Amino acid sequence: MIAPGMVVVGAGQAGGWAVRTLRDEGYQGPILLCGAELHAPYERPPLSKGLLRGHTPPADLELFSEQSLADLGVAFLPGARVRRLDPAARNLALADGREFAYEKLLLCTGGRALRPALPGAGLPGVRTLRTLDDAQGLGAALQGAGRRLAVIGGGWIGLEVAATARQMGCQVTVVEAAPSLCSRSLASEAAGLIAALHREQGVDILVGEAVAAVEQDSRGLRVLLNSGKALDADIVVLGTGMQPNDELAREAGLACDRGVVVDAHCRSSDPHIFAAGDVAVIEHARAGGRLRLESWQNAQDQGCAAARAMLGLPGEYQPVPLLWSEQYDAMIQICGFVGQAVRTVMRGTLQSGKLLAFGLDAESRVVMAVGLNAGRDFRDARRWVQEHRRLDPDSLRDPRAPLAGAAA
Ligand SMILES: Cc1cc2nc3c(=O)[nH]c(=O)nc-3n(C[C@H](O)[C@H](O)[C@H](O)COP(=O)(O)OP(=O)(O)OC[C@H]3O[C@@H](n4cnc5c(N)ncnc54)[C@H](O)[C@@H]3O)c2cc1C
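Residues numbered from 1 in each chain as written. Predicted model: local features only at pLDDT ≥ 70, side-chain atom pairs only at ≥ 80, totals over all residues. Heavy atoms only, no water.

Caption draft 1: Representation of the site of the ligand. Around the ligand there are 34 residues in total, and Glu-37, Arg-44, Lys-49, Arg-130 and Asp-278 lie nearest to it. Take Gln-13: an N or O atom from its main chain is 3.1 Å from an oxygen atom of the ligand. Between the ligand and the protein, one listed contact pairs an oxygen atom with a side-chain N or O atom of Glu-37 at 2.6 Å. For the ligand, the protein covers 95% of the area, taking 1,000 Å² as the surface of the free molecule. When residues of the shell around the ligand are traced back to their parent elements, those giving at least two are helix 1 (13–24), helix 5 (156–167), helix 8 (296–310) and strand 22 (322–327). Grouping the constituent residues of the shell around the ligand by class yields 16 nonpolar, 10 polar and eight charged. Taken together, domain 1 (6–112 + 243–310) and domain 2 (126–238) each give at least three residues to the shell around the ligand, which thus spans both. (Near = heavy atom within 4 Å. Polar contact = N/O pair within 3.5 Å; in protein donor to acceptor, adjacent residues only side chain to side chain. Areas by Shrake-Rupley, 256 points an atom, 1.4 Å probe, with all protein chains shown as cover. Helix = DSSP H or I, 4+ residues; strand = E, 2+ residues; numbered from the N terminus. Nonpolar A, V, L, I, M, F, W, Y, C, P; charged D, E, K, R; others polar. Domains from an automatic or database assignment.)

Dropping the structure here:
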């Protein structure tokens, strides 16, 4: 039994950055990091890109090795799933029965891939992608020219898997029930460009098509659509979203809303328990409500912010959402608040290989931006979103006019 100190549950990206920040900020007491996976903290973005394709070795994903955690004086327990929290006693229990006391606790339990309640969603050939082990299994299954892949769900992970599989020589179909791709994070104009990018590469994109069931027989898998169409496939990937791992918090009586609700100091409804990363739901003033972010940038920044808050250091965490995606040779970057845009102004074309889409509110203030290979221009766009700047739509639209002029 170690003396009560800081305990972090979840050894992913947010948890890894949190323990590192506790030490960077001078905390000298005991730190315990419990991770359900057998791996030390690693980064997930390559799972649907270079690692899936076999171009990035697993070692390159490592964020903090077991040795570096030991050097930081962090007691790291891999394969240690926390089963129960007792906030009144400030104590937790692992699945193997061990118990630990804590002074402050940070929940960085992320999420798991969601399997929809769809007939056949649990068949062995129907895969999801969240962990290194999932990615290695899927990568092996995609090997072999001409494999037929059906991706259910046209969100970021589904589209990245589609792009990578296409680059591996697979025949790929993406089925999305909503009228456009990535509808939670993109306006329909920008989503149309992403669909065009995939179609150019030979991916069949079906939008507005709901899946009724998946079936399997000796010839392979078959995806049945509500419209009556059917797709034959060797592999089916569910890109149907993520389920936050908030059960521990819910069972302990903390306020939850599809994730652990935290204030601007990453603090939950219990003053000794904090949350960060994909599992945390932020009370967000500018978003006008609660916001849960699923992005690399947020996992790192909020992990660091939560560690500082656990130490009582000042600072509020109210981020402007930011995420990126890589598909084929396109770098797609998105920032801001999609729900607040009343119109979209496009600058550039897909054919030119570089474009920006700006989401403006009713007062022509920029609330979100999407960049495709936009490089430095996206940096300006991101700053303007942060500043909530008023922009001139005509200058924005004209790629020959200097971008800076739109914010004059
Ligand atoms: C395939 C893929 C590709 C991605 N690509 C991008 C990208 O291109 N750009 C981008 O911005 N974002 C991307 N993301 C999102 C980004 O990786 C996540 O937002 C980030 O990993 C979240 O970090 P986290 O620490 O909150 O959660 P996670 O990384 O999920 O870590 C949570 C950890 O907690 C553990 N855990 C859960 N419950 C318990 C428990 N009870 N006890 C102990 N441990 C527990 C889990 O096993 C897991 O290891 C991608 C995600 C995936 C899955």
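Caption draft 2: Fine view of the nonpolar core. Counting residues in hydrophobic clusters, the biggest one holds 58 residues, and the most contacted among them are Leu-92, Leu-105, Leu-106 and Leu-107. Broken down by element, the residue count for this core peaks at seven residues, all from helix 8. Not counting the four nearest positions on each side in its chain, Leu-107 is found in contact with Val-9, Leu-85, Leu-248, Ala-249, Leu-254, Val-260, Ile-273, Phe-274, Ala-275, Ala-276 and Val-279. Among the nonpolar cores identified, the runner-up in size contains 46 residues, and Leu-47, Leu-51, Met-168 and Ala-330 belong to it. (Core = buried A, V, L, I, M, F, W, Y, C linked by side-chain atoms within 4.5 Å. Buried < 20%, exposed > 50% of the residue type's maximum accessible area, 1.4 Å probe, protein only. Contact = heavy atoms within 4.5 Å.)

Caption draft 3: Up close: the pairing of strand 24 (residues 343–349). With seven bridges connecting them, strand 24 and strand 25 (residues 354–360) associate as antiparallel partners. Residue pairing in the sheet places Val-345 in a bridge with Phe-358 of strand 25. Linking two consecutive strands that pair antiparallel, namely strand 24 and strand 25, is a turn of four residues; a positive phi of about 85° is found at Gly-353 within it. (Pairing = 2+ DSSP bridges.)

Caption draft 4: Structural view of helix 8. For helix 8, with 15 residues, the first-to-last C-alpha span of 21 Å sits near the 21 Å given by 1.5 Å per residue. The element helix 8 is extensively covered by neighbouring structure, given that 11 of its 15 residues are classed as buried. Looking at helix 8, one finds that the buried residues are Asn-298, Ala-299, Gln-300, Gln-302, Gly-303, Cys-304, Ala-305, Ala-306, Ala-307, Ala-309 and Met-310. Packing partners of the buried residues in helix 8 comprise strand 1 (6–9), helix 1, strand 7 (104–107), strand 18 (260–262), strand 19 (273–275) and strand 20 (280–284). A positive phi of about 80° marks Gly-312, the residue just after helix 8. (Expected span 1.5 Å × (residues − 1).)

Caption draft 5: Broad picture of the packing of aromatic side chains. Applying the stated criterion across every chain yields a total of two aromatic pairs. The interplanar angle of 80° and the centroid separation of 5.3 Å between the aromatic rings of Trp-17 and Phe-64 together place this pair among those described as edge-to-face. One end of the pair, Trp-17, is in helix 1; the other, Phe-64, is in the loop between helix 2 (50–53) and helix 3 (66–71), with 47 residues separating them in the sequence. Pair check on accessibility: Trp-17 and Phe-64 agree, each one buried. (Phe/Tyr/Trp six-rings, centres within 6.5 Å; stacked < 30°, edge-to-face > 60°.)

Caption draft 6: How the structure looks around the sheet that holds strand 3 (residues 74–77). Strand order in this open sheet of five strands is 3-2-1-7-19, and the pairing throughout is parallel. Two strands lie at the open edges of the sheet, namely strand 3 and strand 19, each paired on one side alone. Taking each pair of neighbouring strands and ignoring which way they run, the sheet shows an average axis angle of 20°. Pairing between strand 1 and strand 7: four bridges, direction parallel. (Axes fitted to C-alpha atoms, helices over the stretch in contact; angles between N-to-C directions.)

Caption draft 7: A look at the domain arrangement of the protein. Considered domain by domain, the protein is made up of domain 1 (6–112 + 243–310), domain 2 (126–238) and domain 3 (329–407). Between the C-alpha centres of domain 2 and domain 3 there is a distance of 29 Å. Contacts between the two partners involve 12 residues from domain 2, matched on the other side by 11 residues from domain 3. Of the roughly 1,000 Å² buried between domain 2 and domain 3 on both sides combined, carbon and sulfur atoms contribute 80%. (Buried area = accessible area lost by both parts, 1.4 Å probe.)

Caption draft 8: View of unusual backbone geometry. Of note, Cys-266 is a non-glycine position whose phi angle comes to about 60°, a positive value. Summarising the element assignment, Cys-266 is placed in the loop between strand 18 and strand 19. Of the residues examined, Cys-266 reaches a relative accessible area of 1% and is grouped as buried. Positive phi, close to 50°, is recorded for Asn-373, a residue that is not glycine. On the secondary structure map, Asn-373 appears in the loop between strand 26 (366–372) and helix 9 (375–387). A relative accessible area of 32% means that Asn-373 is categorised as partly exposed.

Caption draft 9: Region of interest: the UniProt feature "domain: FAD/NAD(P)-binding" (unreviewed entry) in the protein. What UniProt calls "domain: FAD/NAD(P)-binding" (unreviewed entry) maps, in this numbering, to residues 6–303. Regarding residues 6–303, the helix share stands at 24% and the strand share at 29%, and the terminal C-alpha atoms are separated by 13 Å. (UniProt positions renumbered as here; feature names shortened; annotations may be inferred.)

Caption draft 10: Layout of helix 6 (residues 188–200). Here helix 6 is 13 residues long and its end C-alpha atoms lie 18 Å apart, about the 18 Å a rise of 1.5 Å per residue gives. Phi turns positive, to about 95°, at Gly-202, one or two residues after helix 6.

Caption draft 11: Quick look at the UniProt feature "domain: Reductase C-terminal" (unreviewed entry) in the protein. UniProt's feature table lists "domain: Reductase C-terminal" (unreviewed entry) at residues 323–404, given in the numbering used throughout. In this annotation, residues 323–404 is assigned 22% helix and 40% strand; the end-to-end C-alpha distance for the span is 23 Å.

Caption draft 12: Main features of the pairing of strand 21 (residues 289–292). Note: strand 20 against strand 21, four bridges, orientation antiparallel. Pairing of His-284 across the sheet is with Gly-289, part of strand 21. Here strand 20 folds back onto strand 21, and the loop between the two strands holds four residues, one of which, Gly-288, carries a positive phi near 75°.

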